[in-house]
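# Breakdown of the fold
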Amino acid sequence: MSEKQEMIKKLIEMQKKFIEYEHAHGVSQEEYFAAPEGHPLANYRQEYNDLAIKLVDVAHAEKGSHR
């Protein structure tokens, strides 16, 4: 599996886990934006964003384009 496919797979897995948690527990703004260490959503937003940006960079590199 290519690096791009691995990143897409990871993003989808993260989304599924987030949705499962949200349906089971609900998600407050505090949990989403500033969940404490040890919380299932701790660093979720930052990790997801970093991975999504990396995926965009890889896709641009493949096509020889710029953002």
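Before reading on, note that the structure itself is shown above.
Residues numbered from 1 in each chain as written. Predicted model: local features only at pLDDT ≥ 70, side-chain atom pairs only at ≥ 80, totals over all residues. Heavy atoms only, no water.

## Let's talk about the packing of helix α1 (residues 3-25) against helix α3 (residues 44-63)
For any two helices packed against each other, the geometry comes down to the angle between their axes and how far apart the axes lie. Look at α1 against α3: their axes get within 10 Å of each other, and the N-to-C directions meet at 155 degrees. Put simply, α1 runs roughly antiparallel to α3. Crossing of α1 over α3 shows left-handed handedness. Across the interface between the two elements, E3, K4, M7, I8, K10, L11, M14, Q15 and F18 of α1 pack against Y44, E47, Y48, L51, A52, K54, L55, V58 and E62 of α3. Each residue belonging to the contact of α1 with α3 can be placed in one class, and the counts come to 11 nonpolar, 1 polar and 6 charged. (Axes fitted to C-alpha atoms, helices over the stretch in contact; angles between N-to-C directions. Helix = DSSP H or I, 4+ residues; strand = E, 2+ residues; numbered from the N terminus. Parallel < 35°, antiparallel > 145°, perpendicular 65-115°, else oblique. Left-handed = near helix turned anticlockwise from the far one by under 90°. Contact = heavy atoms within 4.5 Å. Nonpolar A, V, L, I, M, F, W, Y, C, P; charged D, E, K, R; others polar.)

## Describing the nonpolar core
One finds M7, L11, M14, F18, Y21, A35, L41, Y44, L51, L55 and V58 forming the largest nonpolar core, which totals 11 residues. Those elements that provide at least two residues to this core are α1 and α3. Among the elements that make up this core, the one with the highest residue count is α1 (5 residues). Ignoring sequence-local partners within four residues, the contact set of M7 consists of L51, K54, L55 and V58. (Core = buried A, V, L, I, M, F, W, Y, C linked by side-chain atoms within 4.5 Å. Buried < 20%, exposed > 50% of the residue type's maximum accessible area, 1.4 Å probe, protein only.)

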